[in-house]
Amino acid sequence: MRSKELLLQLEQDHGLDVKGVAADVRRYLPDFSERKFMKAFHFAAEAHDGQLRKDGKPYITHPFETVRILASMHVDEDTLIAALLHDVPEDTPHSINEIEIKFGKRVAYLVDGITKLAKVHYQHDMAKRQIESLKKLFIHTAKDPRIILIKLADRLHNMRTLHHIDKPEKQVRIARETLEIFVPIANLLGIEELKSELEDLCFRALNPEDYELLADRMKLNRQRNNEVMEDTVQLVEKELKKHQIPATVYGRYRNLYGIYKRVTGEMNRLSEFDNLITLRLLVNDKNDCYAALGVLHALFKPKPSKFKDYIAVPKKNGYQSLHTTVFGINGITTEFQVRTHKMHLEAEFGIAAKYFHASSKEKNANLEEDKRAGWAQKILNIQKLEAQEQNPDFIEELKLDILHDRIFVFTPKGDSIDLPKDATCIDFAYEIHSEVGHRALKAEVNGEIVPLTTRLNNGDTVNIVTSDVPKGPSRAWLEFVKTNTARNNILNYFRKTSEEEKLSTGRSLLQKELDRAGLGLVDNISQKKIRAYCSVNLQCKSFDDILIAIGEGTLRPVDFVSSVFDATVKIKRMSSIVPVSDKTESEKKQIKVTLRIVSDDAVGQLKKILNVLSEMRVNASRTLAYLTFWKGDFICKTTVVVENFSEVSTICEHMEQIVGVRRVERLFWQRKVLFFIGSSLTFGIWAAHPYLLHYFATHLVNWPDPLISGAFLYAGIFMLFMMVFMLKSLTQRSFPELRETSAFWGLMYLLSTFALITLFAEIYFFKLTFNWVFVLGLILLIFAYLTAEYINYRERI
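Rules used in this analysis
- Residues numbered from 1 in each chain as written.
- Predicted model: local features only at pLDDT ≥ 70, side-chain atom pairs only at ≥ 80, totals over all residues.
- Heavy atoms only, no water.
- Buried < 20%, exposed > 50% of the residue type's maximum accessible area, 1.4 Å probe, protein only.
- Helix = DSSP H or I, 4+ residues; strand = E, 2+ residues; numbered from the N terminus.
- Pairing = 2+ DSSP bridges.
- Lys, Arg positive; Asp, Glu negative; His and termini not counted.
- Salt bridge = Lys/Arg side-chain N within 4 Å of Asp/Glu carboxyl O.
- Contact = heavy atoms within 4.5 Å.
- Core = buried A, V, L, I, M, F, W, Y, C linked by side-chain atoms within 4.5 Å.
- Axes fitted to C-alpha atoms, helices over the stretch in contact; angles between N-to-C directions.
- Phe/Tyr/Trp six-rings, centres within 6.5 Å; stacked < 30°, edge-to-face > 60°.
- pLDDT = per-residue confidence, 0-100.

Draft legend 1. Geometry of the pairing of strand β5 (residues 333–340). With eight of its eight residues buried, β5 lies for the most part within the structure. On β5, burial covers both faces: T333, E335, Q337 and R339 on one face and T334, F336, V338 and T340 on the other are all buried. One ladder, built from eight bridges, connects strand β2 (residues 276–283) with β5; its direction is parallel. Residue pairing across strands places L282 opposite R339, the latter belonging to β5. One ladder, built from six bridges, connects strand β4 (residues 322–327) with β5; its direction is antiparallel.

Draft legend 2. Quick look at the environment of R596. If you trace the backbone, R596 turns up in strand β11 (residues 592–599). Sequence separation between R596 and V664 is 68 residues; the distance between their C-alpha atoms is 5.7 Å.

Draft legend 3. Region of the structure containing unusual backbone geometry. For H74, which is not glycine, the phi torsion reads 60° and is therefore positive. Position of H74 among the secondary structure elements: in the loop between α4 (61–72) and α5 (77–85). On the basis of relative accessibility, which here comes to 28%, the residue H74 falls in the partly exposed class. Phi is positive for Q244, close to 55°, though the residue is something other than glycine. Residue placement: Q244 occurs in the loop between α13 (208–242) and β1 (247–252).

Draft legend 4. Fine view of the side chain of D427. Take D427: it is sitting in helix α21 (residues 425–432). Of the side chains with opposite charge, R487 comes closest to the buried, unpaired D427, at an N-O distance of 7.3 Å. Those residues in contact with D427, other than ones at most four positions away along the chain, are L419, F480, V481, K482, T483 and A486.

Draft legend 5. Looking closely at α5. For α5, a buried count of nine out of nine residues is recorded, marking the element as mostly surrounded by other parts of the structure. All of the buried residues along α5 are E77, D78, T79, L80, I81, A82, A83, L84 and L85.

Draft legend 6. Region of interest: the nonpolar core. Among the nonpolar cores identified, the biggest contains 79 residues, and F37, L70, L80, L85, I99, L152 and L194 are the most heavily contacted of them. If near-sequence neighbours (up to four positions away) are discounted, I99 is found in contact with F43, L85, V88, P89, G104, V107, A108 and V111. Formed by 41 residues, the second largest nonpolar core is a distinct cluster that contains L514, C540, V618 and I651.

Draft legend 7. Looking closely at the sheet that holds strand β10 (residues 462–466). With antiparallel pairing, three strands are arranged side by side in an open sheet as β9-β8-β10. Each edge of the open sheet carries a strand with a single partner, namely β9 (448–450) and β10. Sheet twist, expressed as the average angle between the axes of neighbouring strands with direction ignored, equals 35°. Looking at chain direction, strand β8 (residues 440–445) and β9 are connected through three bridges and run antiparallel. Bridged to A443 within β9 is V450.

Draft legend 8. Region of interest: the packing of aromatic side chains. Scanning all chains against the criterion turns up twelve aromatic pairs. Taken together, a centroid distance of 5.8 Å and an interplanar angle of 65° make the contact between F43 and F103 edge-to-face. Residue F43 is found in helix α3 (residues 34–47), and its partner F103 is found in helix α7 (residues 96–103); the two are separated by 60 residues along the sequence. No difference in accessibility class separates F43 from F103, as the two residues are buried.

Draft legend 9. Region of interest: the confidence of the model for the chain. With 74% of its residues at a pLDDT of 70 or more, the chain has an overall mean of 79. Note that pLDDT drops below 50 for residues 118–126; the model gives that stretch seven contacts with residues more than four away or on any other chain.

Draft legend 10. Focus on the sheet that holds β2. Spatially, the five strands line up as an open sheet ordered β1-β2-β5-β4-β3, and their pairing is mixed. Only two strands of the sheet have a single neighbouring strand rather than two, namely β1 and β3 (301–309). Going across the sheet, the axis of each strand differs from the next one's by a mean of 20°, ignoring polarity. Relative to β2, β1 runs antiparallel, the two sharing six bridges. Counted as the bridge partner of G251 is L279 from β2. Relative to β2, α13 is tilted by about 30°, and along the sheet it contacts β1, β2 and β5. Contacts between helix α16 (residues 341–349) and the sheet are confined to β1, β2 and β5, with β5 contributing the most and set at about 105° to the helix.

Structure, rendered in structure tokens:
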């Protein structure tokens, strides 16, 4: 009796027409059990009795509105019942087991997939609870798509009532999560209507001022262009009827967030939408689509490059339509979408159209069989990697590889490959096959040879040029790839290499990073710094573990360098990553770094280098390019403005991917100036040394004075040692391009020997007195030090 009274009260006070919704469902589901549906409603209403929403309404209004949204998508009975019950286990004392007993296993599974993890287990870390609950939701969804449909309907109603939440920061968090996770999923499932409404609701919550300005502007545009739209509809209908093409023609309006994305950063482009109308044509079959398109192009002049055929090449989410833009009545830009009624159903309801509108044979189709469900398997793959402790950041990987905006590119044979936006030719190669990726040498994009790291655009045709023998991937590729498929294949390749090779490669890559930072040799990193790093990063217990991780590709050398030297290296030396928010505007703009790019001489090489900087939005304040006389190498020296050392490393990595570039070095102009000043001063002292001795020898009566001559002798030996040490130390830190050459070591021995001969000449001519054993010992020590360093150099190369 209590249930009937509660239902009557809800109907009278809050307009919950439960029987009306049940009647609507029965129209598209003849076998719908209204008795079971009402039983679920009464159970949920009693379970939530006394609970209120933020707007003051009884809580049961939320699951009811969720059901109303799902009913408009014509979902099945189990989905509707699960939607009514989806908050019961989380917010009431009733359990999943109880729901299973009352409503069956299938309903219980759907409800369990929606239910968040218990708060009591995450009371000290609610952010982690949110992440783990999302993981649970996606893993369940991969096995049954109806779960995500319930969640999307649930989120849509929550977004419609978001303004009732009194904490602005919570509104922003929910809206951002919706925009980053649930909107992309709605897009993947092809549910356009729901996706568009979610986007606009998020837009209103996150950018209320921009939303209101854009909404007002678009409202004025609709009023101004309404007459033209009506005239265009009548004209098109009349022309289609003349050609005996049955069609429904009507105007439509772009969602506000779609316009906002198009014009963000370029608000002057907003004027494009002031004189723009959009219409949709629905016809009976595919042939009529192309026939109608011909009528439109005969009626209006089409705009070049504004035609897209998503019927011949459907989007990954199953979307099919013809898009064309023409110069319409009075020259107003007019966009048309031409599709069949069935395509329209698929576009509006997405995956729900197939599961719940198709024939009975298709109703029981598995998610794996649906062309929109490739992302489901990727979710399971990411989860498997996480279980193996190789991929701890589930949600971030999900956003990057699955929920990111998508593009379509084509193989030379015309097969379409779906990739995340900003994916590279490397991602494309591994999407074809792992061996294609491992053997990749270069790529052809639209017939033009480009580096493998080139970002792809929608509609590109890509051909991967491969080696006849396995050459293996480059570790630098890990900085560019966007898909888990490519990343995991590259990491797996390097995991299989020998430990000795990993150590060698890791040392080489770390040395390159230290050279970019001007921090000397790998061997100069103190044990104290290494122990401090290992204490924080527990996966590395020794320096060898660090080098192996770098060699495998699981640790970026730039991250290690930034972490180890962050506290001790000043920002001007560019060896620490300082958060951008912690710097003033002047600091952000005044850090200049000079790079030296050594390349083969080729046509357009300078343009390629400058294009890389342009694509990275890096400002080059000065650029000098020339050919070397002796080798004919192309040298480009460019000074770039950066914010942190990480950006320096990224620029170098991008430059090294240019075809023909052999190495990219950082130049330390200030250090070079100090080095040459110090060197000149040292050689000046050496040049003056004999003259000073000659002066004392001719002007002192008691020459040779043991005290003065000894002081000059030992000072000369000290200068010899300082010259050797300074040359080696400063060259290691500031001139890595010289350090790894035989010429450098030949010069070191030549200068040391010259200084030694000068010293012995002084001893002979000026009759210096000294301790032969001590002096010879010091000289031998200098040459032993120099020889030991040379042996280390030979071992490194």
